[in-house]
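Topology and contacts: notes
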Amino acid sequence: MTQKLKDTLNDYFIMTVGVIVFTIAWESFMIPNGMSAGGLMGLCTVIEYATGGVVLASYSYLAINTLLIVMAIVIFGIGFGFKTIFCILMSTVMLKLVDGWTWMHAVEGNFLYIPEKILIPLLAGVLEAIGVGLIIRRGGSTGGTDIIALIVNKYWPVSLSKMFLVTDMIIITSILFLPGKAFADMMYGSL
């Protein structure tokens, strides 16, 4: 086995671990507790809540990312992100799997239950950061708002960080439009 093949396999292994940690943050902690945050996963959780669970986050995540990847390929070329496509597909599969593993949901009666509600988005944020960090360090991405920011940055002089801030704030505040959600729910998402 060549060193290049070993390095590539190692990259994909580390990205897979990152995807697993990323999806556990969402499907074990945030979604079962009715919480959302920024990024595409935040938008997908809002869609899941708005549809009463008819459209699962894993489905809208794949659908929106597919549209974004097609747009990115048209704009940036065919070489855009095989690792990103891998991470999106793996995330979709893992979101669906962890959603079905109710024993991993951090709700009352389960091992991962956290009674202090404020700790849920903090722990989920740490897990998501670890997962996404592993993915990005190996040249991948979970897609979503990363792609939107890159597209906007290509045509307008808007920094990536400003785009992330704007999209995250829009997504986080969108939870206020759902019945039964309040300012506190939005604040949990901003942690």
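As a reminder, the structure under discussion sits directly above these lines.
Now for a quick tour of the structure. (Residues numbered from 1 in each chain as written. Predicted model: local features only at pLDDT ≥ 70, side-chain atom pairs only at ≥ 80, totals over all residues. Heavy atoms only, no water.)

By the definition in use, this model includes two salt bridges. Lys83 is paired through a salt bridge with Asp11; the nearest N and O atoms lie 3.0 Å apart. Here Lys83 is found in helix α4 (residues 82–100), whereas its partner Asp11 is found in helix α1 (residues 3–30), with 72 residues between them in sequence. Of the charged contacts, one joins Arg138 and Asp11 as a salt bridge, the two residues approaching to 3.0 Å between their closest N and O atoms. Remark: Asp11 occurs in helix α1 and Arg138 occurs in the loop between α5 (119–137) and α6 (145–155); sequence separation between them is 127 residues. One continuous salt-bridge network, built from bridges that share partners, spans Asp11, Lys83 and Arg138. (Salt bridge = Lys/Arg side-chain N within 4 Å of Asp/Glu carboxyl O. Helix = DSSP H or I, 4+ residues; strand = E, 2+ residues; numbered from the N terminus.)

Moving on, we get to the nonpolar core. For soluble globular proteins, the rule of thumb is that nonpolar side chains tend to be buried together. Membership of the largest hydrophobic core comes to 29 residues, with the highest contact counts inside it found for Phe22, Trp26, Phe29, Met30, Met41, Tyr61 and Ile147. Elements with a minimum of two residues in this core: α1, α2 (39–50), α3 (57–76), α4, α5 and α6. Broken down by element, the residue count for this core peaks at six residues, all from α1. Excluding anything up to four places from it in sequence, Phe29 contacts Ile24, Ala106, Leu112, Ile114, Ile120, Leu123, Ala124 and Leu127. (Core = buried A, V, L, I, M, F, W, Y, C linked by side-chain atoms within 4.5 Å. Buried < 20%, exposed > 50% of the residue type's maximum accessible area, 1.4 Å probe, protein only. Contact = heavy atoms within 4.5 Å.)

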